[in-house]
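# Residue-level structural notes
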Amino acid sequence: MLVRCKLDFLYYNFYDNNKTSKYVQPHKHNCYELVYYIEGKGSTTINKISYAFNESSIAITEPECYHDEIHEVNTKVLYVGFSYENEPINLYNSVIKDSGDKIILCILYKMKKEMLDREPYYELKLDLLLKEIIIELERLFSRNNIKDNSFKYVLSFIDQNFTHDVNLNTLAEISGYSYHRFRHLFKEKTGLSPNNYIINKRIDYAEELLENTDLTMSDISHECGFYDSCQFSNLYKRYRGTTPTEYRHLKK
């Protein structure tokens, strides 16, 4: 199995929110990019999909895909750009967590040292270490995908049952995670907490009914899974900035 890859750049930075912008504007590269968040917390949007990140998160961005960063706190980052034929190991836009012993970070620090020391054959060593990272990324993907297969059933259940009461503890158990980890991963994958995801689904459905039916607010709130029309109206205004009645008048 031959892994063909070459390092294009290695860069590291510390974003002090008191001195630098909290936002890195959308940009793209003609190579793959690996971003390792050594410290910090925030979010990144890759190819229009939002992901949360924190300490030891790893973002992978494919070539020619726009991506940005928002730093909620001071953030320490290491960037690696590299050319890769994307075989035999497939890399794709994603944000995953490093292993418990931070094996990816250890390799990145070796690469950083090689880059700074410039010992004989350091360029060859950098490419060898890059190959090692790609292999370790595949191992991380494989471990995560075992549970990701269960996670897709969780999302499917919510998408088909959001108008009913949804027990998030049960869904966490089905997905194979603790409730705390489940909530964290759910936000990483969807950009929303489980509760916010469900509320948005209900509001989207409510807007369909507001536009296409003459149902009363009470009937719509019941149909969409809200406790009553008061809760429906309050949540709608909080999430959409207007009232359901105003939305209906605007659309009709």
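The notes below deal with the structure included here. (Residues numbered from 1 in each chain as written. Predicted model: local features only at pLDDT ≥ 70, side-chain atom pairs only at ≥ 80, totals over all residues. Heavy atoms only, no water.)

Turning our eyes to something else, we now look at the side chain of D16. Position of D16 relative to the elements: it lies in the loop between β1 (5-15) and β2 (23-27). Among buried charged residues, D16 stands out as having no salt bridge; its nearest opposite-charge side chain is K19, 4.3 Å away. A polar contact is formed between the side chain of D16 and the backbone nitrogen of N18, at a distance of 2.9 Å. (Helix = DSSP H or I, 4+ residues; strand = E, 2+ residues; numbered from the N terminus. Buried < 20%, exposed > 50% of the residue type's maximum accessible area, 1.4 Å probe, protein only. Lys, Arg positive; Asp, Glu negative; His and termini not counted. Salt bridge = Lys/Arg side-chain N within 4 Å of Asp/Glu carboxyl O. Polar contact = N/O pair within 3.5 Å; in protein donor to acceptor, adjacent residues only side chain to side chain.)

Now for empty space enclosed by the protein. The final tally for this structure, using the stated rule, is one cavity of 30 Å³ or more. Estimated volume of the largest cavity: approximately 40 Å³. Every residue along the wall of the largest cavity is listed here: V35, Y37, T44, I46, A59, T61, H67, D68 and E69. The set of elements that each furnish at least two residues to the lining of the largest cavity consists of β3 (32-39), β4 (41-46), β6 (57-61) and β7 (67-71). Per element, the largest residue contribution to the lining of the largest cavity is three residues, and it comes from β7. In terms of residue class, the lining of the largest cavity is built from four nonpolar, three polar and two charged. (1 Å grid on protein atoms, 1.4 Å probe; cavity = no way out; pocket = protein on both sides within 12 Å on 5 of 7 lines; lining within 4 Å. Points joined across faces, edges and corners; volume = space filled by probe spheres on them. Nonpolar A, V, L, I, M, F, W, Y, C, P; charged D, E, K, R; others polar.)

Attention now goes to the layout of surface pockets. Regions of empty space are outlined by a rolling probe, equal in size to a water molecule, passed over the atoms. For the second largest pocket, the calculated volume is near 360 Å³. Residue lining of the second largest pocket: 13 residues in total, with K41, A52, N54, H184 and K187 positioned closest to the centre. Elements that contribute at least two residues to the lining of the second largest pocket include exactly β4, β5 (49-54) and α4 (179-190).

The subject of this paragraph is the environment of I103. Summarising the element assignment, I103 is placed in helix α1 (residues 103-117). The contacts of I103, once residues within four sequence positions are left out, are D98 and E136. (Contact = heavy atoms within 4.5 Å.)

Peptide bonds are trans in most cases, and residues, glycine excluded, mostly fall at negative phi. Following E87, the chain continues into P88 via a peptide bond in cis, with omega recorded as 5°. Mapped onto the elements of the fold, P88 is located in the loop between β8 (75-84) and β9 (94-97). Although it is not a glycine, K48 sits at a positive phi angle of roughly 75°. Within the secondary structure, K48 sits in the loop between β4 and β5. Residue classification places K48 among the exposed residues on the basis of a relative accessible area of 82%. For N86, which is not glycine, the phi dihedral falls at a positive 60°. Assignment of secondary structure puts N86 in the loop between β8 and β9. Residue classification places N86 among the partly exposed positions, given a relative accessible area of 22%.

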